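# Structural features, examined
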Amino acid sequence: MVPSEPSTPSVPTPAGLEIAPLDLGARVDEALRVQAVAFGLSEEEIGIRRYIVQRHMTCPGARALGAFTEDGALAGFVYGMPNDRTHWWSTVVEPYLRATGNDGWLDGSFVITELHVHPGFQGHGVGRELITRITDAAAEPRSILSAIDTESRARGLYRALGYTDLARQVHFPSASLPYAVMGAPLPLRRR
């Protein structure tokens, strides 16, 4: 089992995984392998994201949680940080949020940067546990994230947790598909 910090006790999930703090900088390659399977990344995209993840983890307030198997393998992860309007993501989504009157969401929000669960563990509440645990520890009163703008299991989960669309058809320069920016007050809605 992966040891957890005293202030963040581990909690088993219905899938038999342990949710605990994740040293994402040290386990970035393992996390990106999970993301590659769950999200479909090329080797080139993995290389680019490795740099991005490592840079993000140096931001003030950045933190990560993992879903670990009994032998300590990573089956899913989430990471995020307090939003900063000067970060690249914020500069891209700000015009879309301003157009819908929602640009105030960029202030006082905890951003879910990535949330991925290996397909073999999806559908068992792992993603729900990861995102609620990381946002429960946030000092900010609300959370924002972006997700591919299609009706998907991920978007369904986010809606069930209280996230609503703040802007749709958001185009990131490197993405072929449009995204939706979603926001929710914290704490997230429980079942």
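Everything numeric here is computed off the predicted structure, so don't read it as measured data. (Residues numbered from 1 in each chain as written. Predicted model: local features only at pLDDT ≥ 70, side-chain atom pairs only at ≥ 80, totals over all residues. Heavy atoms only, no water.)

Scanning the entire structure with this criterion turns up 11 salt bridges. The partner of Arg27 in a salt bridge is Glu30, with the nearest N and O atoms 2.7 Å apart. The salt bridge involving Asp149 is made with Arg168; its shortest N-O contact spans 2.6 Å. With Asp149 in the loop between strand E6 (142–148) and helix H5 (153–160) and Arg168 in strand E7 (residues 164–170), this pair connects stretches of sequence that are 19 residues apart. Given the relative accessible area of 8%, Asp149 is considered buried. For Arg168, a relative accessible area of 43% puts it in the partly exposed group. (Salt bridge = Lys/Arg side-chain N within 4 Å of Asp/Glu carboxyl O. Helix = DSSP H or I, 4+ residues; strand = E, 2+ residues; numbered from the N terminus. Buried < 20%, exposed > 50% of the residue type's maximum accessible area, 1.4 Å probe, protein only.)

Right, let's talk about helix H3 (residues 88–99) for a bit. Restricting attention to buried positions, one finds in H3 the residues Trp89, Ser90, Val92, Val93, Glu94 and Leu97. Of the surrounding secondary structure, the elements contacted by the buried residues of H3 are strand E5 (109–117), E6, E7 and strand E8 (179–185). (Contact = heavy atoms within 4.5 Å.)

Packing of helix H1 (residues 28–40) against helix H2 (residues 43–56) brings their axes to within 10 Å, and their N-to-C directions diverge by 130°. In this view, H1 runs oblique relative to H2, as classed from their interaxial angle. Pair H1 / H2 crosses with right-handed handedness. Touching Val28, Asp29, Leu32, Gln35, Ala36, Phe39 and Gly40 of H1 are Glu45, Ile46, Arg49, Arg50, Val53 and Gln54, all from H2. By residue class, the composition of the contact of H1 with H2 is 6 nonpolar, 3 polar and 4 charged. (Axes fitted to C-alpha atoms, helices over the stretch in contact; angles between N-to-C directions. Parallel < 35°, antiparallel > 145°, perpendicular 65-115°, else oblique. Left-handed = near helix turned anticlockwise from the far one by under 90°. Nonpolar A, V, L, I, M, F, W, Y, C, P; charged D, E, K, R; others polar.)

Its location among the elements puts Thr132 in helix H4 (residues 126–136). Among the polar contacts listed, one links the side chain of Thr132 to the backbone oxygen of Arg128, at a separation of 2.9 Å. Among residues more than four places away in sequence, those in contact with Thr132 are Leu161, Leu188 and Arg190. (Polar contact = N/O pair within 3.5 Å; in protein donor to acceptor, adjacent residues only side chain to side chain.)

Let's shift gears to H1. Given 3.6 residues per helical turn, the α-helix brings residues three or four places apart onto the same face. For H1, the full list of buried residues reads Val28, Glu30, Ala31, Leu32, Val34, Gln35 and Ala36. Tucked inside the fold, the buried residues of H1 contact H2, strand E4 (74–82) and E5.

Structurally, Arg128 can be placed in helix H4. Remark: the alpha-carbon pair of Arg128 and Val78, spanning 50 residues in sequence, is separated by 10 Å. If we skip the residues at most four places from it in the chain, Arg128 touches Leu157, Ala160, Leu161 and Arg191.

Let us now look at the packing of aromatic side chains. On inspection of all chains with the given rule, the structure shows 3 aromatic pairs. Ring centres of Tyr158 and Tyr163 lie 5.8 Å apart, and the angle between their planes is 65°; on these two criteria the pair is classed as edge-to-face. In this pair, the class of Tyr158 matches that of Tyr163, namely buried. When the centroid spacing of 5.2 Å and the interplanar angle of 90° are considered together, the rings of Phe172 and Tyr179 count as edge-to-face. Overall, Phe172 belongs to the buried group, its relative accessible area being 7%. A connected cluster of aromatic rings, assembled from ring pairs, spans Trp88, Phe172 and Tyr179. (Phe/Tyr/Trp six-rings, centres within 6.5 Å; stacked < 30°, edge-to-face > 60°.)

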